[in-house]
Amino acid sequence: AREDPPDLVVNFCDTGYRNVPTQELNVPAYLELLGIPYTGAPPAAMVLCYDKQIVRLIAEAMGVPVPWEKFIPANAPLNDLPRQYPALIKPNTADGSVGITSKAVVTNEKEAREYLDWMRCELPGRDALFQEYLPGPEYGMGIIGNPESGLRPLPALEVDFSGLPEDCPPILSYESKALPDSPYWTEIRFKQATLPAEAEEQMAGWVKKLFKRFGLRDYGRFDFRTGADGELKLMEVNPNPAWANDGKLAFMASFANIEYRDLMRMILDAAIARL
C-alpha cells in the first residue's frame, strides 16, 4: 500500500478491527497515518459518538431534545439510584446493542439493581446510563453527503415492534441482532415512518446540525424515539452505520426508490467530491 497506494479505500469496517468495537477508529486512523483517503467518518467522530453521554450533552447544548438520564460510574456504590421509572439501563460505551437485553427496561429499584449487577458482571469496568424510558415509536434517519457539497436526508424509518409478544419490551435489544431464535430477531420489522411532514422536516434539521457538529463524513445514521409527552428525542448518533443491504440505511434509501447499488454510488460520490 505504501509503494502503490489506492486512490480511495471504502471503509466497510463498522464493527471494529477484528470485531473489537473500541478499535473501530483504528482502521481510519491507520489509513490517515499512511496518507490514504477513505470513505466515512474520521477517528475523532467515532470517539465522540461512542460515548453516549457526550452525544447527549452536545445534542442538548445544540437544542436537540434528549431523554433525561443519570451517569453511573463503573463500580460506584448503588446507594442513590434515581426513582424515575420505567427506565432504560445501558452501557455508556457500546455498539450493536451490547449490554441492552430484553431486561434492560426496568420498572422498580429491585429490577434496576439486578440489571446493573448483571451488566457489571458481563461488562466489567463499563460505566452505565440510567435513562428515561421513551415508550413511543422509534425512528431512524440516514443522511448522505457532506456540508460543503450538500447533505441529503433519507426518508425516516420506523421500527415496527407490533409483532413482539406482550412480555417483550419494544426495544432493539441485543437479542434482535445476535439471537436468531429470539422473537426480537424474528418479529421486528422496519417500515417507512408516517410522521407528519413538519416532524420529519424538524428531524432532518437536527440530523444536519448533528452531522456537522460531530464531524461525520459522507454518510451517517441517527436514531430517535418518542417520549411519553409525544416529543421526539435523540437516542444515538451512528458515524459508521452498517452498509449491509438489509440494514437500516439501505431500507431508508429504498423508501426514496434508491437501489442498493445506487446508495453505494452516492456514498462514493460524496467521498470523491469531498476529496
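Our structure is the block above this text.
Residues numbered from 1 in each chain as written. Predicted model: local features only at pLDDT ≥ 70, side-chain atom pairs only at ≥ 80, totals over all residues. Heavy atoms only, no water.

## Some words on unusual backbone geometry
Line of reasoning, step 1. A cis amide bond links Tyr85 to the next residue, Pro86, at an omega of 0°.
Line of reasoning, step 2. Along the chain, the position of Pro86 falls in the loop between β1 (69-72) and β2 (87-91).
Line of reasoning, step 3. Of note in the backbone geometry, Asp218 takes a positive phi value of approximately 75° without being a glycine.
Line of reasoning, step 4. Along the chain, Asp218 turns up in strand β9 (residues 218-226).
Line of reasoning, step 5. At Asn257, a position not held by glycine, the phi torsion is positive, near 60°.
Line of reasoning, step 6. For Asn257, the location among the structural elements is in the loop between α8 (248-255) and α9 (260-274). (Helix = DSSP H or I, 4+ residues; strand = E, 2+ residues; numbered from the N terminus.)

## Brief notes about the pairing of strand β10 (residues 232-238)
Consecutive residues of a regular strand have side chains that alternate between opposite faces of the sheet.
Line of reasoning, step 1. Among the 7 residues of β10, 7 are classified as buried, and the element is accordingly described as predominantly covered.
Line of reasoning, step 2. Two strands pair when backbone bridges link them, and β9 and β10 are joined in this way by 6 bridges, in the antiparallel orientation. Within β10, the residue paired with Arg221 across the bridge is Asn238.
Line of reasoning, step 3. Between β9 and β10, which pair antiparallel in sequence order, lie 5 residues; one of them, Gly230, sits at a positive phi of approximately 85°. (Buried < 20%, exposed > 50% of the residue type's maximum accessible area, 1.4 Å probe, protein only. Pairing = 2+ DSSP bridges.)

## Some remarks on the side chain of Arg217
Line of reasoning, step 1. Tracing the backbone shows Arg217 in the loop between α7 (197-213) and β9.
Line of reasoning, step 2. One polar contact links Arg217 to Tyr38, side chain to side chain, over a distance of 3.2 Å.
Line of reasoning, step 3. Sequence-distant contacts of Arg217, defined by excluding residues within four places in its chain, comprise Tyr38, Gly40, Ala41, Pro42, Gly145, Asn146, Phe211 and Arg274. (Polar contact = N/O pair within 3.5 Å; in protein donor to acceptor, adjacent residues only side chain to side chain. Contact = heavy atoms within 4.5 Å.)

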